[in-house]
Amino acid sequence: MKPEVANRLRLNEDLTLALLERFIRDEVDKSGFQRVVFGLSGGIDSALVAYLAVRALGRDRTHAVLMPYETSSPASLTDAFAVVHDLQMPHTVVPITAPVDAYFAQVDALLGSPATPLRKGNRMARERMCTLFDFSAHLAALVLGTSNKTELLLGYGTQFGDMASALNPIGDLYKCQVRQLSNAVGVPRSILEKAPSADLWENQTDEQELGFTYDDADEVLYYLVDERYSLDETVALGYSEALVSRVIQRVRRNQYKRKPPVIAKISPRTVGIDFRYLRDWGN
Amino acid sequence: MDRLQVVLAQLSPRLGDFEWNLDKHHEWIREARARGAQLIIFPELGLTGYQVQDMTLDIARPLIHPQIQSLIEASREIDIVFSFVEETSHHLFHVSAVYASEGKVRAVHRKVYLPTYGMFDERRYFAPGTRFQTFSGTPAGTAGMLLCEDAWHVTSPYLLALGGANFMIVTASSPARDVTDAHYFGSQRFWRELLRVYAQTYGCPIAFVNRVGVEDGISFFGGSGAVSPEGDWLFTAPTVEEGMFSIQLDLRSVRRARFSTPILRDERPLLVQRELERILRQREETQCDWAPNSQPEGERT
């Protein structure tokens, strides 16, 4: 990463942590919920969320759910356990192999062909979402999101799967900022150092699948999104046109994942168009 | 009276819950009186919350509304600055701040600059105010009020200073944004620079009260405080945390500062007026944008 971008994206850790802790406390208290629940994968994003949640609410008001599938890397579960042990936080392990396999056993037979890895991966992400929202009702807990800004912008996630949540404390942090804060709050070293992976199939890594590194993505996204540079202006900074175009395409093509469903306007006041209230209205 | 005891009420209003916010105002006013303060300042839209959007119709109040009157009544023993969505008799909705003293309204400032860009959408719901009017009868003498974005336009404090303000009150609902490696949020750093320059330029103490709390993911940074006429931040409240903060302003410092650095004395408002008229006339004639000496599109060679 260019030093000037790295400097610009570097966060004052105390200030950022104070803001994020206050955000979690405030939003949970306002909503009338008692605690938060989230999926803990063994990756860096959900590990950071775990540390933030415990800092904000105390461990007794948090709950981590570990949801391995049979092909998940064993290291993922080990790393997730390292987090819950370090934080001594309440947690439950809910394997998702049986429900996901039961679904595909039925649907593969109905469709007459085996599901692609992409469909299986999406189903796993949504199975986890269903589990978390069930725990939400059981524990009176808000679901915390664990998607970072880089993923959200690139659309590198499953709609209504890992992208679904009630509150997302890390959704405005680029991947490099997630790393910085994770380091600051004491996320275990094994998590900080491993290659990021959605772990939906064996040996998957994010950067291999995306075709560029997170550092490259963060840099280009910083100019395109935060600084509103055009493609040409970004390329003029020395980034390859192929990289910048790819990033732009991903951001645009995945806008649908970041929006609520599109509603056909008929009446004078339409949900999502000119019926405008914050969610806090309902609190 | 050379010293002004002020309480900066850095509160976290509940969005749309007028009753709850009003109770909190009364509670804090009682506490400020008990502390011996002469003035308590609440943040912009402290009675309603900031992003009221379509709740505007439900939470707007005319000045004569009993809830507003209860605050004015409470000003018999301490001066109070509070802010809410004001509905006029013609049903315009303004972001307003009231200065109440001795059970009366001394001044109402209606926010002139309604930010409608980026994350802000105020002009969609509110009507802009039309003046920067100073008022007398405060413990600091003549004063002026600005609401948040008003203070991001350098002409606003200029007009208040020419209007005779010896004290400026700036209330805000300013979000925490642009976190960098710096000690302050990007938005907060700009505020600190602006108010320092204004106070020093016009030899005028400024009290700044910004709210805290979170509305749908947007945090308000707090960081209320006061700047001396010499341009020093005398006090800065913590970021993000709610609280009442007592400060003391030395009113004699205005006299010293304006003698030492008499920039306000040397202002040339009639010259400014002439130059503005000329500039505006030329803009009108050439329909040019801000570029100096720019030619109309068709005349470029």
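Residues numbered from 1 in each chain as written. Chains lettered and ligands numbered in written order. Predicted model: local features only at pLDDT ≥ 70, side-chain atom pairs only at ≥ 80, totals over all residues. Heavy atoms only, no water.

If you check an unreviewed UniProt entry, chain A appears there as NH(3)-dependent NAD(+) synthetase from Alicyclobacillus tolerans. What UniProt records for chain A under Pathway (unreviewed entry) is the sentence "Cofactor biosynthesis; NAD(+) biosynthesis; NAD(+) from deamido-NAD(+) (ammonia route): step 1/1." Heading Function (unreviewed entry) of the UniProt record for chain A holds this comment: "Catalyzes the ATP-dependent amidation of deamido-NAD to form NAD. Uses ammonia as a nitrogen source." (UniProt positions renumbered as here; feature names shortened; annotations may be inferred.)

A. A look at the overall build of chain B. Regarding its fold elements, chain B presents seven helices and 14 strands. Taking 2.2 N^0.38 as the reference for a compact globule, 301 residues should give roughly 19 Å; the C-alpha atoms of chain B span a radius of gyration of 20 Å, in line with that estimate. Based on the C-alpha atoms only, the size of chain B along its principal axes is roughly 70 × 50 × 45 Å. The buried share of chain B, taken over its 301 residues, is 54%. (Helix = DSSP H or I, 4+ residues; strand = E, 2+ residues; numbered from the N terminus. Rg over C-alpha atoms; globule rule 2.2 N^0.38 Å. Buried < 20%, exposed > 50% of the residue type's maximum accessible area, 1.4 Å probe, protein only.)

B. Molecular detail of the interface of chain B and chain A. Residue-level contacts link 28 residues of chain B with 24 residues of chain A. Taken together, both faces of the contact between chain B and chain A bury some 2200 Å²; the carbon and sulfur share is 52%. Of all residues in chain B, the largest losses of buried area upon contact with chain A belong to Asp54(B), Val214(B) and Asp216(B), amounting jointly to 26% of the total for that side. On inspection of chain B and its partner chain A, the count reaches three salt bridges. (Contact = heavy atoms within 4.5 Å. Buried area = accessible area lost by both parts, 1.4 Å probe. Salt bridge = Lys/Arg side-chain N within 4 Å of Asp/Glu carboxyl O.)

C. Structural view of helix α4 (residues 74-87) of chain A. Residue and element names in this part refer to chain A. Across its 14 residues, α4 extends 20 Å between first and last C-alpha, which sits within 8% of the 20 Å expected from 1.5 Å per residue. Buried within α4 we find Ser76, Asp79, Ala80, Val83, Val84 and Leu87. Summarising the axial view, the buried residues of α4 lie within an arc of 140°, below the 170-degree limit, and thus occupy one face. Away from its buried face by more than 90 degrees, α4 exposes Pro74, Thr78 and His85. Tucked into the core, α4 has its buried residues touching α3 (44-57), β2 (62-66), β3 (91-93) and α9 (189-193). (Expected span 1.5 Å × (residues − 1). Arc of directions from axis to C-beta.)

D. A look at the packing of aromatic side chains. Under the criterion given, the structure shown has 19 aromatic pairs over all chains. Consider the rings of Phe275(A) and Trp281(A), whose centres lie 5.9 Å apart with planes at 70°: the pair is edge-to-face. Relative accessible area serves as the criterion here: at 34%, Phe275(A) is assigned to the partly exposed category. Looking at Trp281(A), the relative accessible area reads 40%, which means it is partly exposed. Arranged with centres 5.5 Å apart and planes meeting at 70°, the rings of Tyr117(B) and Phe120(B) form a pair that is edge-to-face. Classification of Tyr117(B) by relative accessible area gives partly exposed; the value is 39%. One aromatic cluster in this structure is built from Trp152(B), Phe190(B), Trp191(B), Phe208(B) and Trp233(B). Geometry around Phe18(B) places Arg61(B) over its ring, the cationic atom sitting 4.2 Å from the centre. Here the guanidinium or amino end of Arg211(B) rests over the ring plane of Phe220(B), the centre of that ring lying 4.0 Å away. (Phe/Tyr/Trp six-rings, centres within 6.5 Å; stacked < 30°, edge-to-face > 60°. Lys NZ or Arg CZ within 6 Å of the ring centre and 35° of its normal.)

E. Representation of the UniProt feature "binding site: ATP" (unreviewed entry) in chain A in the model. Residue and element names in this part refer to chain A. The UniProt record annotates "binding site: ATP" (unreviewed entry) at Gly39, Leu40, Ser41, Gly42, Gly43, Ile44, Asp45, Ser46, Thr146, Lys175 and Ser197. Considering the arrangement of structural elements, one finds Leu40 in the loop between β1 (35-39) and α3. Overall, Leu40 belongs to the buried group, its relative accessible area being 4%. The contact partners of Leu40, leaving out residues within four places of it in the chain, are Ser46, Ala47, Ala50, Ala64, Val65, Leu66, Ala80, Val83 and Val84. Secondary-structure assignment places Asp45 in helix α3. Residues contacting Asp45, with those up to four places away along its chain left out, are Thr146, Asn148, Glu151, Ile170, Lys175 and Val178.

F. Highlighting the environment of Ala140(A). Residues and elements named next belong to chain A. Relative to the assigned elements, Ala140 resides in the loop between α6 (117-139) and β4 (141-143). Sequence separation of Ala140 and Ile191 is 51 residues, and the distance between their C-alpha atoms is 29 Å. Sequence-distant contacts of Ala140, defined by excluding residues within four places in its chain, comprise Phe33, Gln34, Arg35 and Phe135.

G. Spatial organisation of the environment of Ser253(B). Residues and elements named next belong to chain B. Mapping Ser253 onto the fold places it in helix α6 (residues 252-260). Of the residues examined, Ser253 reaches a relative accessible area of 5% and is grouped as buried. Measuring from C-alpha to C-alpha, the distance between Ser253 and Arg3 comes to 9.9 Å, with 250 residues separating the pair along the chain. If near-sequence neighbours (up to four positions away) are discounted, Ser253 is found in contact with Pro229 and Glu230.

H. Structural detail: unusual backbone geometry. All names here are of chain B. In this model, Glu102 sits at a positive phi of 50°, which is unusual for a non-glycine residue. Mapped onto the elements of the fold, Glu102 is located in the loop between β4 (93-101) and β5 (104-110). Phi at Cys148 is positive, roughly 40°, even though this residue is not glycine. The topology assignment puts Cys148 in the loop between β7 (141-147) and α4 (155-162).

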